[in-house]
Every structure is written in structure tokens, then in C-alpha cells.
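The residues making up each chain are set out below.
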Amino acid sequence: MSAPILTLRDVVVEFPALHGLKALMAPSAERRVQALNGISLSVQRGETLAIVGESGSGKTTLARAINGLLPLAGGEVWFNDTALHARPDWHATRRQMAMMFQDPVGSLSPRKTVRDLVLEPFAIHRLRVDNATAKATELLRDAGLNADFLHRYPHQLSGGQARRVGVARALALNPALVLADEPTAGLDVSVQGEILNLLNRIKGDHGLTTVIITHNLNILRHIADRIAVMYLGRIVEIGPVAAIMERPRHPYTAALMSANPEPDPTARRERIILSGETPALTARPPGCEFHTRCPVARSDCAHRVPALDAAGTRAVSCHYPLPEDA
Amino acid sequence: MSFRHTLAGRLMADPMAVVALIIITALVAIAVFADVISPHDHTAMNLADRFAPPSSTYWLGTDNLGRDTFSRLAQGSRIALYVALTAVTISGLIGLVLGMIAGFGPRWLDNLLLFIFDTLRAYPTIILALALAALMPRGLSTVIIVVVITSFAEYGRVVRTQTLSLKNAEFILAERAMGASFGRIVFHHVLPNVLGPFFILAAMNLPVVITIEAGMSFLGIGVPPGTPSWGATLKDGFDYIRNTPWIIIAGGLPLILVTLGFTFLGEALRDQLDPKLRKSR
């Protein structure tokens, strides 16, 4: 295997939990919460890594931390040979690293036409485009939109059309890495399918490396090579798509996968119902952070912190993982 | 893009905007050609024709010194426009810059600027005008300074609120994620979205400024005596309101028209500049 394109080591991102006078009075441990708590992973060139987890598990925070929209409180991020944790030249780095945001319309500047929006990366990086309209048309065509859209404004686009503009723009400078935050959010199922096919085709055409953040488990098989499952700002399980989806080893992954509705009504499947709420980030349980809701927890789970044990291609952070051949 | 889709084209389709533009165009034309269209010299006193009622010679009558009211009002439109445009431009620019600084700056700076804005907005304009007039020489620049001091805070607040809500909008994050510089974000993406509400506020503020100038002149703390300001005409008319009401009526008419014109324009602009409002109509 060649050197990974993106490597994260023990990445920590913190948010202030208290403001004003209260923050001054509180002990330092209570002033901040860890939205990401020691994330380590690497992404190989050309692969698609999907990051899944429920709301509030830190998926979006992870994407924003990778491209510097949020500061790191600890850990290292390596993008090729660039150390993103050590004040890199973001202007140059971000040219290599495109990002797609959750809200397809809201991530487009409202007073710009589609033409200006897809050419924006060239303007930002002061790249001369000889025939701007032709270039914009070509980028739109690659994303499945025709030239009629050139003079539309974002509020005149549907969610799917705006998403395509977002895709066209993300690919404009041939980035080495695309971070896609919920690329199918807010789209109906047929449009989701179109967008996924588009992403897959582009991946084939450009040999793109992609990190996709999603809570839409149905799309995983169609698009991802590997999955990382997050819980409370940590990765609890990571590995190849088929293995994780069919034979999850972490009890949380198993519960997550079983919560996904099965399209086939005759297929019988046992749902794992988790008890209780996701703990607050301000009150992380001791030991294994999942033990409060875990159906198979034993008494020592509350005391010992599990490490993300790598075994072969997959890794799981659990003292008593489910058997791999179940 | 056809004319129908440009801002001007859309404004022409709105009857309120057309009325507004007719009034404003007339005002500007009168101000520019005041010397040509005035039937009399606005300073010439004709004591034989004091308090003359409106007639073919004196279209809107004459005042206590026999000066032609129409000619004075025509000259007054220059003063009104000059004060309004200068004061609104200066206070608007100050408000725009301070509002953006407050919006983008650290929290303590934001709080400081907000404190200044709120303090200034709490002063009643006329009381502040009276106080400042006591300290400064009488004249148009005093009027402009009073207006700027009392109104830039309003622009500042509007711009700050807009900036704050835009600062964390997803499209601004998207610009940052693409590597856009701070300057590009401010001038290409935040400013154009701030300017809509800003211009609406400016259009709505123009008549307010004209009224403040008239009010200060009416109270005798605005323009120097003898200047043909609309407020001075009102004051002259007020003294003789029982016997010759046409002076004060003639002095009030342009104020009413101009206020209506700019207010209509402001509302039409708001309808057109806010894409979401436009869609729902």
C-alpha cells in the first residue's frame, strides 16, 4: 500500500462549554467539551471512506477540523506531506482539498449566478481561464447540468440542482481529496440516487479520494470502500464496507445497522434497541463510553477504557466484540 | 438578461416605485434647474406685494417681505437635497464600516460598538440638535453633523446584524473552505448581501434627514436667516398662519411629497432587493 493521502493521529477538537463569568469560575476541565476525542485514521489514495454515526457524534466537526475551519486542540493531521496541525498555507492546501457542505442551496453565495459560483475556485486561486463561459459550461455538464443554468441564482435551483453545482465547483480544480458532508441530505430518494451515481462516475473518471460523512446507511454500499463508525467523538469501529455492514463487531455498530429500515418487508431481522439517551459530551461515562447503553456490557466495561484494536483490515474499540463469524 | 429582469426593469413594473421615481425626478429637476424655472429672484423683496395670495405672478404667493414663495421653495430643494445626500452618505459610510467591524470583530469590540450605537440612538434628535447648535456656528454643516451623529448608529446596527448572520452562513464557510481570503469574503460575499437592507434604510432615511433639516431651521437653529430652506419658509409662514395660511401650506407641500416619494422608493426597493420577499408576492 502506498502512503496514505490523509492521516489523522489522536485528533482532538474542543468547544467552549461555558461563557463569560461562569467560564472564569469553573475548573478548567469543565470549561471545554471534546467534540472529537482522539480520532486516528488514514485514507488511501483513490478510496472512499464513509464516516457514519448519529447526530452529534462529531462527523461534521471531523470534516471541518480536517480542512481547518475548526482549530485542533491536539493531535496531528497530515495531508500528503503537509502538516495541517502546524499552521499550513491554507490557501494552497485548500486548492487540493475540496469540501461539500450539507445544505446544497445554503452553501452557494446567494447573489452570484451559477456561472460565477462554479468559476469561484479559479477566482480565489487567481487562475486565468481563457474562455470562462466555456469552462463553466463544461464543469456544469460534467455534473449533469446544461448551460441553461449558467445565469440562474441559487434560490432558483432545486436541492438536487444546487447539489450538482456544488459537485461541479468541488471538482473545478481537480482536487486530491473531496470532503463531502452529507451529500444526500435534503434530497429525495431518486435525486439521491442520481447524485450518488454522479459521485461514483466522477470517482471512476478522476480517481478521486473522498471522505463522505453521512447518516444515510443505505448509500454506504453504493459509494464507500471503508466505513468508520463514530460515537461521542470517537471512532468505535472502522473497516471495509461489507464486513462492517454484515458482521459488525462493535455492539454500537450492530445497533446502528439494525436501526436502518429494511426495504424488503418479508426479511426478518432482529432490531437491537438501545436503552437510554446518548450521554452529553460534558458528562462522558468512565471506562468504555458506550457501556451505559451497551446490551452486552459487563461490569469491567465501566472501568477500563478500550483501545481501537486493529486486527487485519478492521479495528474495533470494544472489550467484548461480537464474534466476526456470527 | 432582458430589461424586465434587471432591478430598474422590475422597479418600473411596480406602480408605487413609478410614483416615487416621478416625485424624485421632479425634485432633482427642480433642484438642478432652480435658477431657470424660478419666476423671480428668491432674495428680491417686493414690499408692495407682501403677503400676496397665490396668483399668476406669484404662483404660491409671497411672504412677509414680499419674496416669491415658489422661487424660495425651488432654491430650498437644493438645500434639502444637499443636506440629505451628504448626511446620508456620510452617516451611511460610517455605519457601514463600524457595523462590519462590530460584526467581524472580537466580542469585546462588538459590545463596545453596540454600546456606542445604543447610546447615540437613545438621544432624541432635536434635543441633541439644540445642544450642539448652542456649541457650533449656525449653518448647514452643523445640520449635517447633527444628522450624522444621530443616524449612523442605525446603519451600524443594521449592518452589524446582517454581518453577524452572514458570518456563519454555510456559503461563507464554503468560501473559506475553498481558500478564499478574508478580503474576498468581505467584499464579494458579505458586502453585497449587506447592501440590500442598507440601501433600503438609506432611502427611508433621506426624507427623515430632510425633515430634521426643516425642523432645525424651523426652530431657528438650522440655516442662517435669509437662507431659503423649506424649514425657514415654514417658520415664516407659521408666524402669519392666521391671516395668510398659504405660506405655511406651500412650505409644507414639498416636504410631504418628498417624504412620500422616498418612502415609496424605499418600500419598492425592499420588495425588489429581498429575493425571498419577491418570490412570495
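For clarity, every value in this text was computed on a predicted model and none was experimentally measured. (Residues numbered from 1 in each chain as written. Chains lettered and ligands numbered in written order. Predicted model: local features only at pLDDT ≥ 70, side-chain atom pairs only at ≥ 80, totals over all residues. Heavy atoms only, no water.)

(A) Examining the pairing of strand E3 (residues 48-52) of chain A more closely. Residue and element names in this part refer to chain A. Here E3 lies mainly inside the structure; 5 of its 5 residues are buried. Here E3 shows a buried face lined by Thr48, Ala50 and Val52 and a second buried face lined by Leu49 and Ile51. One ladder, built from 4 bridges, connects E3 with strand E8 (residues 209-213); its direction is parallel. When the bridges of E8 are listed, Ile51 appears paired with Ile213. (Buried < 20%, exposed > 50% of the residue type's maximum accessible area, 1.4 Å probe, protein only. Helix = DSSP H or I, 4+ residues; strand = E, 2+ residues; numbered from the N terminus. Pairing = 2+ DSSP bridges.)

(B) Highlighting the packing of aromatic side chains. Summed over all chains, the structure comprises 9 aromatic pairs over all chains. An angle of 85° between the planes, with centres 5.1 Å apart, marks the rings of Tyr231 of chain A and Phe290 of chain A as edge-to-face. Placement of Tyr231 of chain A in strand E9 (residues 226-231) and of Phe290 of chain A in the loop between helix H11 (251-259) and strand E11 (309-311) is noted, with a sequence separation of 59 residues between them. Taking the relative accessible area as the measure of exposure, Tyr231 of chain A reaches 2% and is therefore buried. Exposure remark for Phe290 of chain A: the relative accessible area of 2% places this residue in the buried category. Considering the side-chain rings of Phe104 of chain B and Phe182 of chain B, the 5.2 Å spacing of their centres and the 80° angle between planes classify their relative orientation as edge-to-face. Note that Phe104 of chain B is positioned in helix H4 (residues 69-104) and Phe182 of chain B in helix H9 (residues 182-218), a separation of 78 residues in sequence. Put simply, the rings of Tyr231, Tyr252 and Phe290 of chain A pair up and form one aromatic cluster. (Phe/Tyr/Trp six-rings, centres within 6.5 Å; stacked < 30°, edge-to-face > 60°.)

(C) Focus on the side chain of Thr61 of chain A. Residues and elements named next belong to chain A. Mapping Thr61 onto the fold places it in helix H3 (residues 59-66). By relative accessible area, Thr61 is classed as buried at 13%. Apart from the residues within four sequence positions on either side, Thr61 is in contact with Val13, Phe15, Ala35, Leu36 and Leu70. (Contact = heavy atoms within 4.5 Å.)

(D) Structural detail: helix H8 (residues 189-206) of chain A. Residue and element names in this part refer to chain A. For H8, with 18 residues, the first-to-last C-alpha span of 25 Å sits near the 26 Å given by 1.5 Å per residue. Among the residues of H8, those classed as buried are Val191, Gln192, Ile195, Leu196, Leu198, Leu199, Ile202 and Lys203. The buried side chains of H8 occupy one side of the element, clustering within an arc of 155° when seen end-on. Of the exposed residues in H8, those oriented more than 90 degrees away from the buried face are Val189, Asn197, Gly204 and Asp205. Tucked into the core, H8 has its buried residues touching E3, helix H6 (132-142), helix H7 (159-171), E8 and helix H9 (220-223). (Expected span 1.5 Å × (residues − 1). Arc of directions from axis to C-beta.)

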